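# Notes for the structure review
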2 protein chains.
Amino acid sequence: MIRKYRYGNPFPTGAVACEIAAEKKEQTAFRLNAEGEFTLALAPEDCVYGLGEAVRGINKRGWHYESCNEDDPIITEKRIALYGAHNFIVVAGKKGVFGAFFDCADRVLFDIGYTDPDELRVKAVADFDLYIVEGKSAVEVVREFRKLIGDSYIPPKWAFGFGQSRWGYRCEADIREVADGYAESDMPLDMIYLDIDYMDHYKDFTVNKERYPDLKALAADMKKRGIRLIPIIDAGVKVEKGYDIYEEGVEKGYFCKDAEGEPYVVGVWPGDSVFPDVLNPEARKWFGSKYRILLDEGIEGFWNDMNEPSIFYSKKRLAGVLEKVASARGRNMPLEEYHGILGAIGTLANNRADYAEFFHDTPNGTVSHLSVHNLFGCYMTRAAAEYFEEYQPDKRYLLFSRSSHIGMHRYGGIWTGDNASWWTHLLLNLKMLPSLNMCGFLYVGADIGGFGDNTSEDLLLRWTALGIFTPLMRNHSTLDTRMQECFRFKDKKTFRNLLGIRYALVPWLYSEFVKSATRGDMMFRPLAFDFPNDRRARTVEDQLMVGEGLMIAPVYEQNAAGRYVYLPEEMKMIRMRSATDYEETMLSAGDHYLEIPLTETVFFLRKGHALPLAEPAKCVDALDETKLRWIVSGNAAEYEMYVGNGESKSELKTALRKLKVPQEKK
Amino acid sequence: MIRKYRYGNPFPTGAVACEIAAEKKEQTAFRLNAEGEFTLALAPEDCVYGLGEAVRGINKRGWHYESCNEDDPIITEKRIALYGAHNFIVVAGKKGVFGAFFDCADRVLFDIGYTDPDELRVKAVADFDLYIVEGKSAVEVVREFRKLIGDSYIPPKWAFGFGQSRWGYRCEADIREVADGYAESDMPLDMIYLDIDYMDHYKDFTVNKERYPDLKALAADMKKRGIRLIPIIDAGVKVEKGYDIYEEGVEKGYFCKDAEGEPYVVGVWPGDSVFPDVLNPEARKWFGSKYRILLDEGIEGFWNDMNEPSIFYSKKRLAGVLEKVASARGRNMPLEEYHGILGAIGTLANNRADYAEFFHDTPNGTVSHLSVHNLFGCYMTRAAAEYFEEYQPDKRYLLFSRSSHIGMHRYGGIWTGDNASWWTHLLLNLKMLPSLNMCGFLYVGADIGGFGDNTSEDLLLRWTALGIFTPLMRNHSTLDTRMQECFRFKDKKTFRNLLGIRYALVPWLYSEFVKSATRGDMMFRPLAFDFPNDRRARTVEDQLMVGEGLMIAPVYEQNAAGRYVYLPEEMKMIRMRSATDYEETMLSAGDHYLEIPLTETVFFLRKGHALPLAEPAKCVDALDETKLRWIVSGNAAEYEMYVGNGESKSELKTALRKLKVPQEKK
């Protein structure tokens, strides 16, 4: 049951897939206070879930958040905004459960017991639609909400393999070194990602011919080895005379413009750049069609980046700041002035005042970027997805994005942006999974091992042990950090075993994913969603329910020999050294301290469930899903599996099998 | 048993209090590798403790560290250096236990299983003495080491009270508001700290007469209310004609000089500034004597800050950077140049190249700051302590510092620098306590609630519940963050109760502190130090043994309803709602999940120990130590208590009492 309330005349975000009529009379649990905030008293036992990509806990209480898509890679506890705008929350507690979606193109501020520990306060800074979602349980509320926002994107099956990335692969030889490194270490690999260096001077839809003399041949060769190349596409288009995409876009008026109608110039990786106006349907169609250039090279997947959009500086602001700094030369500056100058340098990047300086031509008129900033990444990804749909309606392409808004879940997945090689980010990876799922984002994952800073072998091992359960499984790192490919570390055997477990799980992961996507379910759930009457389950922030009946509890602390695990009920513990070397032990409900060495992966299976395991293979395409081993917990009669190579959309209609499950081994 | 090995001709750091002869023949567990690193193979069960103020765990394995005193308030997992240089480690494991102290004025690099998980590598970048410390246990090794480095600083007893600080108290009225706020909320308070705004234009040993018209009267008035004012002293002395301390120092040649013999000018809070050459004994004596100016105002304690020393810019470098930035005006810059310019701005602060540009006149000749950088804070604090000793030999002053080096522990305490309002920093606070104790620093604490960023009420409550056990207990926050005084929050009752528990514990805390200081013991110990044969105890990173027989296990996660606790043996659990409202429950050895609401403090007492509790009072001086209640665990016959007001050094000789302990309540 969903009711819609309209406040003002909101800009249509495209988040909602089916129109429903707005109620005539306002009747929600919220009260409006003098500051225009929607407030709700919180009882001590109430939990607030949601907000998709955000810092802090599964239960969001105790902090404030703001949906304001932001490119800032220092993700500490001080942050209130990350790369996505996901304005959906579920309040569960004393008075039952309900969901609230603040559908607003502009910022929405959530104060969830920060100012007053016992009060929730929400404020949208522009007109919006409020959807109140009711249901008997959190799971039902999410299912209702997901009906409202439409079906989630389903990638090709090979995208459930493991991918390796790094900002720093300079040329074809580097790519081959990575492919060879994995092959020689007998570790599977399905994707190698191309970061910005594959382009000619960071120009979208170009290839640097010195570094990659024949991308098509390389892609074909790699595909023969079971590996797809996945290039990055950045939001900013280089300003360069003679660069066809720039010139075409200028000619057609497809770039965002300033108040004088001139393309608005900012600095990003290519230097001076302009943004395609993806909120203009014509411009969006035009930009999306450019992906074809790389499809023709044999590319089958993309990651859209820098699409908050990230701005290093605007040309205009930069000139002012440089003048200011120059004026300080040769003078004995008081400290206040010195800090003023440093402060000015700090205002160059992602300055909201700049957002007000450029505009989009939308079907709803010309709007300033400021008011629709959070939609940009969503519509850039939509540009690609709509083109793919037009070009090859039945083919499934891999597509995911850094910036996002609810609605984009129909077009692609997301990775959770530029994290770091911090143990706290391993745990944050886990915590974001259910909240992303709530908002429709199912094809999700974090940069395993951490993007920024230097990883350590134990961190990468532990993080990979979590990553084997995330649909998007990518190891990614940045320039000038420790090389992070699994084969470069000492304990190759354990990395090989971990990746082997991932591939053994792919038939199950893929099936659970497709079922979640088609049924409006969350693939990752807080324990409290499956055990709503268990008080303790509500407080568990480091375990998750996954798919049907699985529970994960990864180790996320350095030098830990194991960890505590809470079992809401008796479950089967599976302790894996490899996909073929494991023990099954029934564990009683309650608290357990489990030793989990770096060489082992431990997870749990609820009674009445079965887990199929394939024989590990070097890539997803090579998996034989007819030869399955089963881990069975209690009485499980059948398992619903999605079979097939997962390359087409139509396949899904006939790919669901009910497999008989063998008896539990005692 | 300590053996000393000399490598080259090291600069004397002053860390060691008693000279011992160097061995003639090298014979240590380390092997020297081709890179000049001291290496040691680590077995999986080996733990490496130490390094004092550092990031990461109690067990330092899995990361690399560098002693390079650094003012950088963004303390994430990427960091390898903080504010102190504490080059002492203890290796405990398969082959027994030993300590190693790399006594070096310059940087020492510790790679503790980062490059190779199974290897420890240490490298000093300059000549040094290596002390190898042997003993039967980690506790014994530390005791031996502490004999080598000399007795730890003991503050006055009132310094065990609670203190409130903020960068942002602008004037006398603000100070009075804080004092009144605590008094009106019936919360105790012993200290209010004065941050840089009390000074006239940030000039050391001056008072801003507009903001503080009569500091002496204010200090006297506050003292009547049981509150001491504790001003900050910064390392940098303002360059200003007519400012007596600057002019005197220039005349006498007491400031650090450049290669031409001119005072070396840097930018810090006062703008252009110079550093007192605290490594020159005459200059040190001169600078120390200036503290008298504030003693004469009735001040009895100080915190030394910015003494890494922190440098915002050097005059010379700033000029170059400004030129560089100015040259970019009006040009269409390629992105590389743009980043070069931003990068140049980033090289202004704390640039090691600047350290090589100025010099100290030491008894061992003129040395560049680069080679003795880590000693500055230590010798600045020594300046004050030596003056206090000369001025009032028997009086105990409060003195602590941000930057430090082993050796400074004899002169003052430390706070762990500019942390943030992050839950991870609450846990880091706990983890640093034992490693600081190992290095002789006993009067220690972190900024409770977090210095940078905005706190939340629950974070401040949980952090205060840890802080009641740390000798230095200070709530401190910075400009433009949420006001953080306890009385400003909603649940005043719990803050009052927590502070009440602190004051009830002061007789015990003070006694345990003095015993630790005089006996070379650690007041805070990893569980493995007390239970060396307990494998599980070695992995516990979030509990500590405190004093004789106490164990703490604070809650450090947001929205946690409780936590897991590991008990190496049967212990008594004390669950306190206030200093007078508590339960005692015997808990069996092993793992427990304990519910711990925000309103409760839980800790544990080993059998055979007793804990005296005083009646809470509004300040330490008002505590009545003759009226004690006892919590007794098992058979405890007596408790050794240090009595007295703790204002003089001589008092300690006669202040130890053996108190009879009542029978355990059953």
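Residues numbered from 1 in each chain as written. Chains lettered and ligands numbered in written order. Predicted model: local features only at pLDDT ≥ 70, side-chain atom pairs only at ≥ 80, totals over all residues. Heavy atoms only, no water.

## Looking at the overall build of chain A
The helix and strand inventory of chain A stands at 15 helices and 40 strands. Here the C-alpha radius of gyration of chain A, 25 Å, is about what a compact globule of 666 residues would show, namely 26 Å. Judged by the C-alpha coordinates and their principal axes, chain A covers about 80 × 65 × 55 Å. Long-range pairs, those at least 24 residues apart, make up 72% of the contacts in chain A with a sequence separation of at least 6. (Helix = DSSP H or I, 4+ residues; strand = E, 2+ residues; numbered from the N terminus. Rg over C-alpha atoms; globule rule 2.2 N^0.38 Å. Contact = heavy atoms within 4.5 Å.)

## Regarding the packing of aromatic side chains
Following the criterion strictly, the structure yields 99 aromatic pairs over all chains and no others. Here the aromatic rings of A:Phe38 and A:Phe102 are separated by 5.9 Å at their centres, their planes lie at 75°, and the arrangement is edge-to-face. Here A:Phe38, found in strand E3 (residues 38–41), pairs with A:Phe102, found in strand E8 (residues 96–103); they are 64 residues apart in sequence, far enough to count as distant. Of the two residues examined, A:Phe38 and A:Phe102, each falls in the buried class. Ring-pair connections join several aromatic residues into one group, and the members of that group are A:Phe205, A:Tyr246, A:Tyr254, A:Phe255, A:Trp286, A:Phe287, A:Tyr291, A:Phe302, A:Phe388 and A:Tyr397. Above the plane of the ring of B:Tyr593 lies A:Arg536, whose end atom (NZ or CZ) is 3.3 Å from the centre. Here the guanidinium or amino end of B:Arg474 rests over the ring plane of B:Trp415, the centre of that ring lying 5.0 Å away. (Phe/Tyr/Trp six-rings, centres within 6.5 Å; stacked < 30°, edge-to-face > 60°. Buried < 20%, exposed > 50% of the residue type's maximum accessible area, 1.4 Å probe, protein only. Lys NZ or Arg CZ within 6 Å of the ring centre and 35° of its normal.)

## Focus: the packing of helix H12 (residues 423–438) of chain A against helix H13 (residues 457–467) of chain A
Residue and element names in this part refer to chain A. Following both chains from N to C, one finds H12 and H13 inclined at 5°, their axes separated by 10 Å at the closest point. When the interaxial angle is binned, H12 and H13 end up roughly parallel. Contacts between H12 and H13 involve Trp-423, His-425, Leu-426, Asn-429 and Leu-430 from the former and Asp-458, Leu-459, Arg-462, Trp-463 and Leu-466 from the latter. Residue composition of the contact of H12 with H13, by class: six nonpolar, two polar and two charged. (Axes fitted to C-alpha atoms, helices over the stretch in contact; angles between N-to-C directions. Parallel < 35°, antiparallel > 145°, perpendicular 65-115°, else oblique. Nonpolar A, V, L, I, M, F, W, Y, C, P; charged D, E, K, R; others polar.)

## Examining the pattern of salt bridges
Inspection of the entire model under this criterion finds 127 salt bridges over all chains. B:Glu248 serves as the salt-bridge partner of B:Lys290, at 3.0 Å between the closest nitrogen and oxygen. In this pair, B:Lys290 is assigned in the loop between helix H5 (281–289) and helix H6 (292–295) and B:Glu248 in helix H4 (residues 244–252), connecting sequence segments 42 residues apart. A salt bridge links B:Glu664 to B:Lys572, with the shortest nitrogen-to-oxygen separation between them at 3.0 Å. Pair noted here: B:Glu664 is in the segment after strand E40 (656–660) and B:Lys572 is in strand E33 (residues 571–576), with a separation of 92 residues, a long-range link. Residue B:Lys572 is classed as buried on the basis of its relative accessible area, which comes to 3%. Each of A:Lys223, A:Arg228, A:Glu300, A:Lys395, A:Asp621 and A:Glu647 takes part in salt bridges that share partners, so that together they form one network. (Salt bridge = Lys/Arg side-chain N within 4 Å of Asp/Glu carboxyl O.)

## A few points about the pairing of strand E37 (residues 609–614) of chain B
Residue and element names in this part refer to chain B. Most of E37 sits inside the fold, with five of its six residues counted as buried. Sheet topology places E37 next to strand E38 (residues 628–633); six bridges connect them, and they run antiparallel. Considered in E38, the bridge of His-609 is made with Ser-633. (Pairing = 2+ DSSP bridges.)

## Quick word on H5(B)
Residue and element names in this part refer to chain B. Those residues of H5 that sit buried are Ala-283, Arg-284, Trp-286, Phe-287 and Gly-288. Next to the buried residues of H5 lie strand E14 (228–234), strand E15 (237–238), H4, H6 and helix H11 (376–391). Sitting at the head of H5, Asn-280 places a side-chain oxygen 3.0 Å from the backbone nitrogen of Glu-282. (Polar contact = N/O pair within 3.5 Å; in protein donor to acceptor, adjacent residues only side chain to side chain.)

## Examining the side chain of A:Ser456
As for its position among the elements, A:Ser456 is in the loop between strand E27 (447–448) and H13. Those residues in contact with A:Ser456, other than ones at most four positions away along the chain, are A:Trp423, A:Arg482, A:Gln558, B:Gly62 and B:Tyr114.

## Notes on unusual backbone geometry
Along the chain, A:Glu308 connects to A:Pro309 via a cis peptide bond; the corresponding omega equals -5°. Summarising the element assignment, A:Pro309 is placed in the loop between strand E19 (301–305) and strand E20 (313–314). Backbone geometry places A:Leu51, a non-glycine residue, at a positive phi of 70°. Classification of A:Leu51 by relative accessible area gives buried; the value is 7%. For B:Phe205, which is not a glycine, the phi torsion comes out positive at approximately 65°. By the element assignment, B:Phe205 lies in the loop between strand E13 (191–194) and helix H3 (215–224).

## Notes on the relation of the copies chain A and chain B
Mapping chain A onto chain B calls for a rotation angle of 180° and an axial translation of 0.0 Å; the resulting RMSD is 0.0 Å. Both copies are brought into coincidence by an operation consistent with a two-fold rotation axis. Relative to the rotation axis, the C-alpha of A:Ala326 is the closest in chain A, positioned 2.3 Å from it. With an isologous cut-off of 70% or more, the 100% of interface residues of chain A that recur at the interface of chain B puts this contact in the isologous class. (Least-squares fit on C-alpha atoms with pLDDT ≥ 70 in both.)

## Describing the side chain of B:Thr455
Along the polypeptide, B:Thr455 turns up in the loop between strand E27 (447–448) and helix H13 (457–467). The class for B:Thr455 is buried, based on a relative accessible area of 0%. Within the structure, the side chain of B:Thr455 is placed 3.1 Å from the backbone oxygen of B:Gly449, a separation counted as a polar contact. Once residues lying within four places of it in the same chain are set aside, the contact partners of B:Thr455 are A:Tyr114, B:Ser421, B:Gly449, B:Leu460, B:Arg482, B:Gln484 and B:Phe489.

## Let's talk about the interface of chain A and chain B
With 65 residues of chain A at the interface, the matching set in chain B holds 65 residues. When the two sides are added together, the surface that chain A and chain B hide from each other amounts to roughly 5,400 Å², 54% of it contributed by carbon and sulfur. Taken together, chain A and chain B are joined by ten salt bridges. When the shortest N-O distance is used, the salt bridge between A:Arg329 and B:Glu323 registers 3.4 Å. (Buried area = accessible area lost by both parts, 1.4 Å probe.)

## Regarding the environment of B:Gly261
With respect to the helices and strands, B:Gly261 occurs in the loop between strand E16 (257–258) and strand E17 (266–268). Separated by 98 residues in sequence, B:Gly261 and B:Phe359 place their C-alpha atoms 8.7 Å apart.

## Focus on the confidence of the model for chain A
Of all residues in chain A, 100% have pLDDT values of 70 or greater, and the mean over the chain is 97. Overall fold confidence for the complex sits at a pTM of 0.98, while the interface term, ipTM, reaches 0.97. (pLDDT = per-residue confidence, 0-100.)

## Regarding the sheet that holds strand E7 (residues 88–93) of chain B
Residue and element names in this part refer to chain B. Pairing in this open sheet of five strands is antiparallel, and the strands run E1-E11-E8-E7-E4 from one edge to the other. Only two strands of the sheet have a single partner each, and these edge strands are strand E1 (2–7) and strand E4 (47–50). When strand polarity is set aside, the average angle formed by the axes of neighbouring strands in this sheet is 20°. Note that E4 and E7 share four bridges and pair antiparallel. Within the sheet, the bridge partner assigned to Val-48 lies in E7 and is Val-91. Against the sheet, helix H1 (residues 138–149) touches E1, E7, strand E8 (96–103) and strand E11 (128–134), its axis set at about 140° to E11.

## A short note on the sheet that holds E3(A)
Residue and element names in this part refer to chain A. If you walk across this open sheet you meet the five strands as E2-E3-E10-E9-E5, and the pairing is antiparallel. Edge positions in the sheet fall to strand E2 (31–32) and strand E5 (63–66), since each of these pairs with one other strand and no more. Here E5 runs beside strand E9 (residues 108–112); their pairing, made up of four bridges, is antiparallel. Each residue of the ladder has a partner; that of His-64, found in E9, is Asp-111.

## Quick word on the environment of B:Ser516
By secondary structure assignment, the location of B:Ser516 is in helix H14 (residues 492–519). Residues B:Ser516 and B:Ser310, 206 residues apart in the sequence, show an inter-C-alpha distance of 32 Å.

## Digging into the packing of helix H5 (residues 281–289) of chain A against helix H11 (residues 376–391) of chain A
Residue and element names in this part refer to chain A. Look at H5 against H11: their axes get within 8 Å of each other, and the N-to-C directions meet at 65°. For the element pair H5 / H11, the angle class is roughly perpendicular. Considering how the two elements wind past one another, H5 and H11 form a crossing that is right-handed. Taken together, the residues of H11 that come into contact with H5 (itself represented by Arg-284, Lys-285, Phe-287, Gly-288 and Ser-289) are Tyr-379, Met-380, Arg-382, Ala-383, Ala-384, Glu-386, Tyr-387 and Glu-390. (Left-handed = near helix turned anticlockwise from the far one by under 90°.)

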